Each structure stands twice: as structure tokens, then as C-alpha cells.
Amino acid sequence: MIHSGRVDVRTGVGSYPVFVGHGVARVLPGLVAERAASGRFALISDSNVSPLHGERLAEACRVSGLDPTLLSFPAGEASKTRGRWMTLTDEMLEAGLGRDSCVVAVGGGVTTDLGGFVASTYLRGIPVIQVPTSYLAMVDASVGGKTGVDVAAGKNLVGTFHPPAAVVADTELLRTLPERNRREGLVEAVKHGAVLDEGHFEAIERRCDDLLRADPDTASDVVLASIRIKADVVSKDEFEGGFRHVLNFGHTIGHALEAASEYRLGHGSAVGLGMITEAAIGERVGVTAPGTRDRLKRALDRLIDPAPPGLTLERTVAYLGQDKKVRRGRPRYVLLACVGETSRGVAWTHDVPDEVAHRALREVLDAA
Ligand code: GLY
């Protein structure tokens, strides 16, 4: 069994490599040297990840003759804002980083989204190398070129498509990940199996204990398999014209739950609850095979937190109207045909009666 590998993601203008495996961070200095002619770069990480990995990776680059500017911000979703984007870009301007520099974003989904957004706008766009340190960022946020920040109206509503120059998913970095982040990040890997690959879904269920303790070989295998699924989707539909919507399974409800909870509910838990709710919706409207909701719930129960008390249907429904998939004022849902297969719908999404969606959501919230 091979426990590491490289996946190439096609974009409109070429392709970029994703390196996956135990210890692959050693390729970082070479990648920076290729992308930043000046040898200068901003290494962006949060206050948790900077002392664990950011400073060490910066030092490895320094030893190779490169010149990092270390920038850090307070850990947490609350930092994924236009205000934080402004601070980081001002710091880069102050450091005199030019167009011959690049960004290296080291961290979880907040960092890869924010770091990518900084890179895509700084001096009208400089390269970003993504170094994800969480399951979520490895299998989802760092691959595919979506960048952005949250705003008062909802999550990720201001952002860009800016494909990374490269992604370095070193599974050794998962060892420092807190237990909650391990659990929640795996939800996005379960989602990849649920929408397109039943075998992957079953492998995660079977190997869940090893994944939760970040066993290096298991983590590398599963991360690699998940990235292959995501890479295939985004290579076929980079700008989310249709097929890429399958990756939003669970996210119409999930993003609304996350925003309505004021981000007390983590992204993975919100998406997990969203997947269960959207499977129930699909069963009620006759699109999803009976039993799918229960099967998803069994796989997800050990990964997700329940909805926090006080999270009401009314509050959550208010955010459904803010989703990026809203068309003609109606929220759109990605629905499964069954585990491993997504229903095509219209451009891979469905309109469903509000009362069906709200009833399914109420059941999930009442169970909390
Ligand atoms: N996170 C879903 C996507 O990248 O399209």
C-alpha cells in the first residue's frame, strides 16, 4: 500500500500539484523558491498554529536562503473578516513585499480561506501555497481555489476563485490537531464519499478509530482518496457552474446553522447536521433512497457535536435566504440519490417546498 502521493488539479490556465503524505512539508522551500523570484514571502498562520508549525516551516525556508515575513492572527472563525484581511495586507505592504513574493498559508480552513483571499487581492494577485494542517483544510478548503471571508449576512459571502500554486498536505501536522478538529474535519471526507464514492464512505467508517488518532498511514490514504475525489470535481467545474455544487451537499442547511449559532457550532458539525437534514429532505420529496438519512447519521454521530441550545428554527431559516446557491430568491439543495451518488436535479441542485425543509430541520434541532 502506498501512503503518499501527488494529485494534479486542472484549472482554466494550467494545473497545480497537491502533495500528500507523511513528511511532505520538506518540499516547501523548493516550491517557494519556484514561485517567489525575490525569495520573499508572507507566512500566514493563526496564534495556535504559528508556534506549532509556522515558525518551524519559516526556519526551514530561511535555512534554504529564503526570506519569510511571519504574520499571525488570533485563532478562530471570528478572524475570517474583511478587517483581518485589511490588517494582513497592510502588514505585507509595510514589509515591502512585491509582486515577486508569495503567500504561504499554514493552518486550518480559516487560514487557507483568509490567506488565499489576501494573496488573490494583494497587488492584484500573487501566488499562494497552501499548507493545510487540519483534515478539513487538507481534504476541502485548501484544494479548489475558493477563498473568502465571512460577513454579517453570512459565511464566505465575499471572496474570489484563486487557485493555489501548490498544496502541501503533510499528514504529520495532524498530530497536533485537537480532538474536536479531527472529528469535525473528517465530516468533509465523509461528504466526498456520500456524494460520489460509497467505497470511500465505507472506508472512513471502517477506519474511523485510526483516523481519529491521526495514524499517519491511514490519514495519508484517506486524505489522498478524498483529495482525488475533490480534484476530479473541481477540475471538471472550476467555477461552480454545475457539477461542483455536489460538494455543497449539507452546506445549504450547514452554513445557515453555523451562522445562526454565531459560529459556536463548528463547520464540520454544522455540515454534518446539514447532511442529515438534507438526506431527510431528499427522502421526503422522493429523490433520496429510504434509509440514507439513518446511514449518514450512523457514520456522522461520532464525529459531530449536537446543535447548541437556543439555536432556533426561525433564526436558522433567516440565513437560508443568504446562501450563495439562492436562485430567484429560493434556497437550492444538493440531494443524494443514495450514499455514493448525487441526484442531478437542475445543475445538481433542487428547489424543495419550504415546509418540507423546515420540518426536517426542526426534527434535527429538536433532537439536540
Ligand atoms: N467546499 C466546496 C467547494 O470547494 O466547492
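For clarity, every value in this text was computed on a predicted model and none was experimentally measured.

Draft legend 1. Region of the structure containing the site of the ligand. Around the ligand lies a shell formed by D140, K146, K230, E240, R244 and L247. Separating an oxygen atom of the ligand from a side-chain N or O atom of K146 is a distance of 2.9 Å. Residue R244 places a side-chain N or O atom 2.7 Å away from an oxygen atom belonging to the ligand. Coverage of the ligand by the protein chains reaches 89% of its 200 Å² of free accessible surface.

Draft legend 2. Broad picture of the pairing of strand β2 (residues 14-21). Here β2 lies mainly inside the structure; six of its eight residues are buried. For strand β1 (residues 5-11) and β2, the ladder comprises seven bridges, and the chain directions are antiparallel. Looking across to β2, one finds that D8 is bridged to P17. The antiparallel hairpin formed by β1 and β2 contains two residues in its connecting segment. In this structure, β2 lies alongside strand β9 (residues 166-170), joined through four bridges in parallel fashion. Bridging from a neighbouring strand, V20 pairs with A169 of β9.

Draft legend 3. Representation of the sheet that holds strand β3 (residues 40-46). Ordered by their spatial adjacency, seven strands build an open sheet running β1-β2-β9-β6-β5-β3-β4, and the pairing between neighbours is mixed. Looking at strand neighbours, the two that pair on one side only are β1 and β4 (67-73), the edges of this open sheet. Taken pair by pair, the neighbouring strands of this sheet meet at an average axis angle of 20°, ignoring direction. Pairing between β3 and β4: seven bridges, direction parallel. What sits directly across from I44, in β4, is L71. Relative to strand β5 (residues 102-107), helix α4 (residues 109-121) is tilted by about 170°, and along the sheet it contacts β3, β4, β5 and β6 (128-132).

Draft legend 4. Representation of the pairing of β3 in the model. Of all seven residues that make up β3, six are buried, and the element is covered over most of its length. Bridge analysis of β3 against β5 gives four bridges, and the strand direction is parallel. Opposite A42, over in β5, you have V103 as the bridge partner.

Draft legend 5. Broad picture of the packing of aromatic side chains. Applying the stated rule across the entire model yields three aromatic pairs. Note on F161 and F239: the rings are 5.2 Å apart at their centroids and 85° apart in plane angle, and the pair reads as edge-to-face. Highlighted residues: F161 in strand β8 (residues 154-161) and F239 in the loop between α9 (216-236) and α10 (251-260), separated in sequence by 78 residues. F239 sits in the exposed class, given a relative accessible area of 52%. Summarising the aromatic geometry, the rings of F243 and W348 are spaced 5.1 Å apart at their centres and angled 55° between planes, so their arrangement reads as tilted.

Draft legend 6. Quick peek at the nonpolar core. Counting 71 residues, the largest nonpolar core has V18, Y135, L257, M275, L296 and L300 as its most contacted members. Here V18 is in contact with G5, R6, V7, V9, V143, V167 and I227, once residues within four sequence places are set aside.

Draft legend 7. Spotlight on the state of the cysteines. Per the stated rule, a full pass over the model turns up zero disulfides. Among the cysteines around C61, which has no disulfide bond, C102 carries the closest sulfur, lying 8.8 Å off. We classify C61 as buried; its relative accessible area is 0%.

Draft legend 8. Fine view of the environment of D67. Its location among the elements puts D67 in strand β4. On the basis of relative accessibility, which here comes to 38%, the residue D67 falls in the partly exposed class. In sequence terms D67 and L43 are 24 residues apart; their C-alpha atoms lie 10.0 Å from each other. In terms of polar contacts, D67 uses its side chain to reach the side chain of R40, at 3.5 Å.

Draft legend 9. The packing of helix α7 (residues 198-206) against helix α12 (residues 292-300), seen in detail. Put simply, α7 and α12 touch, their axes get as near as 10 Å, and they point 40° apart. The pairing of α7 with α12 is recorded here as oblique in orientation. For the crossing formed where α7 meets α12, the hand is left-handed. Side by side, α7 and α12 meet where E198, F201, E202 and E205 of the first sit next to R295, L296 and A299 of the second. Class assignment for the residues of the contact of α7 with α12 results in three nonpolar, no polar and four charged.

What counts, and where the lines are drawn
- Residues numbered from 1 in each chain as written.
- Predicted model: local features only at pLDDT ≥ 70, side-chain atom pairs only at ≥ 80, totals over all residues.
- Heavy atoms only, no water.
- Near = heavy atom within 4 Å.
- Polar contact = N/O pair within 3.5 Å; in protein donor to acceptor, adjacent residues only side chain to side chain.
- Areas by Shrake-Rupley, 256 points an atom, 1.4 Å probe, with all protein chains shown as cover.
- Buried < 20%, exposed > 50% of the residue type's maximum accessible area, 1.4 Å probe, protein only.
- Helix = DSSP H or I, 4+ residues; strand = E, 2+ residues; numbered from the N terminus.
- Pairing = 2+ DSSP bridges.
- Axes fitted to C-alpha atoms, helices over the stretch in contact; angles between N-to-C directions.
- Contact = heavy atoms within 4.5 Å.
- Phe/Tyr/Trp six-rings, centres within 6.5 Å; stacked < 30°, edge-to-face > 60°.
- Core = buried A, V, L, I, M, F, W, Y, C linked by side-chain atoms within 4.5 Å.
- Disulfide = S-S within 2.5 Å.
- Parallel < 35°, antiparallel > 145°, perpendicular 65-115°, else oblique.
- Left-handed = near helix turned anticlockwise from the far one by under 90°.
- Nonpolar A, V, L, I, M, F, W, Y, C, P; charged D, E, K, R; others polar.

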